[in-house]
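Residue-level structural notes
One-letter residues, chain by chain:
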Amino acid sequence: MNSIQKYCQIIRNRSEENEKSVELLYPSEHYGQVMSILRQELDSMVRCIYLLNFADLEIRELLITQTLEGERWRYPNRKIITDKEMVAIANGLQGWTNSVYKFGCAFIHLSNFHNYKVTDPFCQS
């Protein structure tokens, strides 16, 4: 199995586990955990879109190899690639990625959104 196939397998494994987790958590009304899982799915999507943004297959291969070796993504010049950069590329496609990313992050980090049983997070700014 080559590195691209391994990377795709990691994405599939994560998504399959996330799907099973949502099926367990949603009926129990563990919505904060469901949102955290959806945010993981968005992370996978954003990373795939970012990889496809490079026409240079060597850069794609470098970033995939970094994932497989447990490293943070860095350009060949060693500059770290941030979530903000990746989200900006994905956001340019349909214009919703940034807002969904920020909403999902509110469930990754402790925030007032975790009080969703009392206050609807969609009504908060």
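Residues numbered from 1 in each chain as written. Predicted model: local features only at pLDDT ≥ 70, side-chain atom pairs only at ≥ 80, totals over all residues. Heavy atoms only, no water.

Right, let's talk about helix 1 (residues 3-25) for a bit. With 23 residues, helix 1 extends 33 Å between its outermost C-alpha atoms, agreeing within 8% with the 33 Å of an ideal straight helix rising 1.5 Å per residue. Three or more residues of helix 1 are buried, namely Ser-3, Tyr-7, Ile-11 and Asn-18. On its buried side, helix 1 packs onto helix 2 (31-52) and helix 3 (57-68). Sitting at the amino-terminal end of helix 1 is Asn-2, which places a side-chain oxygen 3.0 Å from the backbone nitrogen of Ile-4. (Helix = DSSP H or I, 4+ residues; strand = E, 2+ residues; numbered from the N terminus. Expected span 1.5 Å × (residues − 1). Buried < 20%, exposed > 50% of the residue type's maximum accessible area, 1.4 Å probe, protein only. Contact = heavy atoms within 4.5 Å. Polar contact = N/O pair within 3.5 Å; in protein donor to acceptor, adjacent residues only side chain to side chain.)

Glancing now at unusual backbone geometry. If you check the backbone angles, Glu-29 has positive phi at about 60° while not being a glycine. Looking at the element boundaries, Glu-29 is found in the loop between helix 1 and helix 2. According to the relative accessible area criterion, Glu-29 is partly exposed, its value standing at 43%. The backbone of Arg-78 shows a phi angle near 80°, a positive value even though the residue is not glycine. Within the fold, Arg-78 resides in the loop between helix 3 and helix 4 (83-94).

Mapped onto the elements of the fold, Asn-18 is located in helix 1. Ignoring anything within four residues of it in the chain, the contact list for Asn-18 reads Ile-37, Gln-40 and Glu-41.

Function-wise, these values are silent; they only describe arrangement.
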